[in-house]
Amino acid sequence: MSLPAPPALSRRTLLQAGAAGALALAVAGPGAAGPAVAATADAYETLRLRWVALLTGTGFDPGAEPFASALRALGDRARTQQQAMTPTAASLWPDLPLGTVSANITGSFVRLRTMALAWAQPGTGLTGDAALAAAITAGLDRLCASAYTATATMYDNWWDWQIGSPQALLDTCALLGPRLTSGQIAAYGAAVDHAVPDSRVSAYSGTSTGANRVDLCRVLALRGVVGRSGAKLATASAALSPVFPYVLTGDGLYPDGSFVQHTWVPYTGSYGEVLLGGLSRLFALLAGSAWEVTDPQRQNVFDAVDSAYAPFLFNGLVMDAVVGRASSRGLQASDLLHLQQDDHGRGHTIMGHILRLADSGAAPAAQSARWRAAVKGWIARDYYRPYLSDAAVDVPELARAQALVADGATAASEEPVGARVFAMDRAVVRRPGWAVSLSMCSARTTFYETGNGENVRGWHTNNGLLAWWNATTGNGQYADAFWPTVDPYRLPGTTVSTKRLADAAGGAWGAARPDSVWAGGASDGTYAAVGQAVRGLSSTLSGWKSWFLLDDSVVCLGAGIGCADGVPVETVVENRNLGASGTHAFTVDGVAQPVTLGWSQQFTGARSMAIAGFGGYVFPGGATVQAKREARTGSWHDVNSGGTTEALTRRYLTLWFDHGTDPSDAGYAYLLLPGADAAATAARAAAPTVTILANSASVQAISDTASGVTAANFYAAGSAGPITVSAPCSVLVRESGGTLSVSVADPSRTTATVQVTVARAGYLSADPAAGVTVLAAGPSVRLLAELGGSQGASRTVTLRTAGPAASANAVLLAPVRDTYVRDGSYADTNYGTANVLTVKNTESTGSGFSRRALLAFDTSQLTGPVRRAVLWVRGAVADSGGTETDLQAFATAPGAWQETAATWNRCPAPAAALGTGRISTAADWVGLDVTAAVVADPALTLTVGQPAGRVGLAVNLNSRENAAFPPVLQVVTG
């Protein structure tokens, strides 16, 4: 299929569209090289012009603000770069020598791209300038003849060769269009092909996953456009498909809205931004063409705008909890614009991507309309750095935003209200006047990420960092030089050993991870109970931390805190950045404290504290709290090797608990009240609504009369208040308007099922709820929650006071026999005593690699009809061929078999296919629905294999001989 010819364009439209080829004709006059744009029906040329429009913008007046200033500034930058360009054998620019630092190749291409934008854009003062175009082409020729060539040996950072340099090179080629000869296009294309062959996207692994895969596809697609290659475009379009499915481990989007890159790092706001930006551009570029992205799973990306990106956007900023090492970039020494990279700038970039995606026409209309309303609200509320005056926002994005602001048919959305707990060890709570993010870590996520000399002092950022913003104050808290000036041992909310650490301690790229598995919690969407088994980086620190996210407060508990590092251990209540000259009032129990720098004091029995303009803190029962004011000086270079060395000074007001040197079983308790003034904070201390039910190393729990919430994090089976559980889990109970909702989650991901009892009378009938069975109601509520394989997600059930009382019976049965069998030369080998059950479907006969498991259960004691039966198995993929595969249970033909005698040739055959489940390289439970096969039978056999007709991956499952997590059959009757 070919694209339709674009309509005839006026010169003004051409200028506004920034179409380089058409613009060249318009300014050069008769005889200029290249076909007339308005007359072409060439699909490749149409795509080139569409890409140019994405780079330069459409529908704006270049003589009006904010565009006029932005275009003049672009022209000034390009002129400066053109004048500084002094091609030699060693470089194009003296400050970017070629040969050892790959970033200097990328930097050179980026400068040429800037010059090309100034040539293609209207109003730059260099629009269509022939000398500028000649300088650009000479620069491209030079780089592709001696530095970035078809035979170059790649050195230093792979990213520069395969993403940074080719993207800037191909953008420049698209902008110049017909100014380039076929010989030049061929030479540039050969260089790109050498660095980025099609084989880079043949396997979804290594550095070709997630955001990196999208970037590589962008290179291949633009290579196809510029080089007029349908094959390259087809490869790029098809190679996006592995990005779309949800993942259970490693890089990509998760079902709950998590986004991970570099295997261990929550990265929604950085690599996730790159992924969204790349996809929005490619969807727009290829729409309606023969290479349009049509994979139905692209809907996951559209849904992620709401589930993955929007939860971390607040008043135009994106929370630093999900940007990894990018938080340290700030002011880069190489940035000629001297524009700071921070949470607002990154948020603005994501907002631009969302608008581009909405305008692409790729997503359903209702979703696009919702996105526009959300972005309009963020633009309206970003008082700290207004979007339309942000010098870092490019002209195309300014044009879309200005059109949106002027669109009277689109009403701005308010900030959403609710609480979310993510599988990537992050949590967010949002209320009408404030928002909070919480950063944790576990064996699944890193303490912090460093690499390329970035974020070298981020050691403790995931030890419970509690970041928060008010609706109208404090939105510059982390944007105003926070990261280079804050004490890295005193990040707000964290519990840390003050043991001195070297820059980049623990290793690069997320290498350092704690050995703990508990991080996460239960949420009903409005409230949440979140917990973390805290550990210290290169430290003996350990302990338990909980946060209960309520209507107007966050309840923060710590228990079992111990350490043997020989240094003090601290929990930081707050470390407020007061700016360069802030003297915000600080009130303790109604008494105003000094505002002089250098002031410090220990408060004993303190019950309430408040920082004017920010919020308050309540200490139930009184606490000993340290406080001080100080000015701290640092530079971006201190935390990022590419940062400027300019000294920056900011004032801080710090509050902390000093647990002493080498504490044992230390703890703390306090409430954060965002936005509360001193009077409101004191009133809450005098009339608390929150009661601490437990704060120990086995359970942390609270109740809140204001919200009707009772919540607990159980680190072992036990009771707290009205809640009793049979295994470790997080529970949130809410009573409201004659209903009782119970939400249960397993942050440790070690439990298949848990029984929860809530001592609340009068609740009878239950709404249908996936993964929850109410076993009894009336005098108290007893339920069975299926938590295995949920990746820490919550199961929620709601009970009501009307209707018949819910009732059911549940039993958990261990297998009486299990084994696996193997075909081929192993067809007469028995594996009945193995502690693993290996399964794999090869879709072949006699290969020796096909395996399936058999499990026998005695179900003779079952009474009543079987309402639900789930076979729980735990294991992981163990195959070099991939990371995720499906498991399937099968009914099994009747027949006797012995555990120590069964083989492939001597075992009952699988029969009807039953439930399926997904499993990955991360060990976890998988629940297989076997209801249809379970009957009262002393010799029930089930087979576990993989779906017929598909080649699977080898999976090792724990057998009944395995002491840890053996299989179990859950049966609900009644």
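In the block above lies the structure referred to throughout.
Bear in mind the structure is a predicted one, so any value in this text is a computation, not a measurement.

Participant: Even after reading the chapter, I still don't get the sheet that holds strand β26 (residues 723–725), so can you show me in this structure?
Facilitator: Two strands in a sheet stick together by hydrogen bonds in their backbones, pointing the same way (parallel) or opposite ways (antiparallel). As summarised here, the arrangement of the five strands in space is β25-β26-β29-β32-β31, forming an open sheet in which the pairing is antiparallel. With partners counted over all chains shown, the strands left at the sheet margins are β25 (718–720) and β31 (772–776), one partner each. In this sheet, neighbouring strand axes are inclined to one another by 20° on average, regardless of whether the strands run parallel or antiparallel. Of the pairings in the sheet, the one linking β31 to strand β32 (residues 781–786) comprises four bridges and is antiparallel in character. Paired with Ala 776 across the two strands is Arg 782, which belongs to β32.

Participant: I'm lost on the sheet that holds strand β35 (residues 817–822) in this one. Help?
Facilitator: Pairing is antiparallel across the open sheet formed by five strands, whose spatial order is β35-β37-β42-β39-β40. Whereas interior strands pair on both sides, the edge strands pair on one side only; in this sheet they are β35 and β40 (910–920). For this sheet, the mean inter-axis angle between neighbouring strands, taken without regard to orientation, is 25°. When strand β37 (residues 851–857) meets strand β42 (residues 940–945), the two strands line up antiparallel, connected through five bridges.

Participant: Help me out: how do you make sense of the environment of Ala 853 in this one?
Facilitator: Along the chain, the position of Ala 853 falls in strand β37. With 14 residues separating them along the chain, Ala 853 and Val 839 place their C-alpha atoms 6.3 Å apart. With residues near it in sequence (within four places) discarded, Ala 853 still touches Thr 819, Tyr 820, Leu 837, Val 839, Leu 942, Thr 943 and Val 944.

Participant: What is the right way to read helix α7 (residues 158–176) from this model?
Facilitator: Because an α-helix packs 3.6 residues into every turn, residues spaced three or four apart end up facing the same way. Here α7 contains 19 residues, and its C-alpha end-to-end distance of 27 Å stays within 8% of the 27 Å for a straight helix at 1.5 Å per residue. α7 sits mainly inside the fold: 17 of its 19 residues count as buried. Residue Asn 157 occupies the N-cap position of α7, its side-chain oxygen lying 2.9 Å from the main-chain nitrogen of Trp 159. Of the residues one or two after α7, Gly 177 is the one with positive phi, at around 50°.

Participant: Just checking my understanding: could you explain the packing of helix α13 (residues 343–360) against helix α15 (residues 395–406) for this structure?
Facilitator: Running from N to C, α13 and α15 point in directions that differ by 75°, and their axes come no closer than 10 Å. When the interaxial angle is binned, α13 and α15 end up roughly perpendicular. Contacts between α13 and α15 pair Gly 352, Leu 355, Arg 356 and Asp 359 from the former with Glu 397, Arg 400, Ala 401 and Leu 404 from the latter. Residues that form the contact of α13 with α15 fall into these classes: three nonpolar, one polar and four charged.

Participant: Honestly, the packing of aromatic side chains in this entry has me stumped. Any pointers?
Facilitator: The geometry of an aromatic ring pair is captured by two quantities: the separation of the ring centres and the angle between the planes. On inspection of all chains with the given rule, the structure shows 27 aromatic pairs. A centroid spacing of 3.9 Å and a plane angle of 25° characterise the contact between Trp 544 and Tyr 715, whose relative ring orientation is stacked. On the criterion of sequence distance, the pair formed by Trp 544 in strand β13 (residues 542–549) and Tyr 715 in the loop between β24 (709–714) and β25 is long-range, its members being 171 residues apart. Relative accessible area serves as the criterion here: at 11%, Tyr 715 is assigned to the buried category. Here the aromatic rings of Tyr 668 and Tyr 670 are separated by 6.0 Å at their centres, their planes lie at 35°, and the arrangement is tilted. Tyr 670 sits in the buried class, given a relative accessible area of 2%. Among the aromatic side chains, those forming a connected cluster through ring pairs are Trp 469, Tyr 478, Phe 482, Trp 483 and Tyr 652. Taking the ring centre of Trp 93 as reference, the NZ or CZ of Arg 111 above it sits at 5.3 Å.

What counts as what
Every residue gets a number counted from 1 within its own chain, in the order that chain's sequence is written. Side-chain atom pairs in this predicted model are given and counted only at pLDDT of 80 or more, local residue features only at pLDDT of at least 70, and totals for whole chains, interfaces and linings cover all residues. Neither water nor hydrogens contribute to the side-chain values; these are computed over all heavy atoms in the structure. Here the rule is simple: two strands pair whenever DSSP picks up at least two bridges between them. Strands here are runs of E lasting at least two residues and helices are runs of H or I lasting at least four, both read from the DSSP assignment and numbered beginning at the N terminus. Only the stretch in contact is used when fitting a helix axis, every axis being a line fitted to C-alpha atoms; angles between N-to-C directions are given from 0 to 180 degrees. The contact criterion used throughout is that any non-hydrogen atoms of two residues lie within 4.5 Å. Expected span of a helix, by definition, is 1.5 Å for each gap between consecutive residues, and there is one gap fewer than residues. The classification of residues rests on relative accessible area computed with a 1.4 Å probe and restricted to protein chains. Under 20% of the type maximum is buried, over 50% is exposed, and intermediate values are partly exposed. Polar contacts here mean pairs of N or O atoms no more than 3.5 Å apart (in protein, one a potential hydrogen donor and the other a potential acceptor; neighbouring residues in sequence count only if both atoms are side-chain atoms). Here the word oblique covers every angle except those under 35 degrees (roughly parallel), over 145 (roughly antiparallel) and from 65 to 115 (roughly perpendicular). All residues other than Ala, Val, Leu, Ile, Met, Phe, Trp, Tyr, Cys, Pro, Asp, Glu, Lys and Arg, Gly among them, are scored as polar; the first ten of these are nonpolar and the last four charged. Two aromatic rings, drawn from Phe, Tyr or Trp (for Trp, its six-membered ring), form a pair once their centres lie within 6.5 Å of each other, and the interplanar angle then sorts them: stacked below 30 degrees, edge-to-face above 60, tilted otherwise. Here, a charge over a ring is recorded when the distance from Lys NZ or Arg CZ to the ring centre is within 6 Å and its angle to the ring normal is within 35 degrees.

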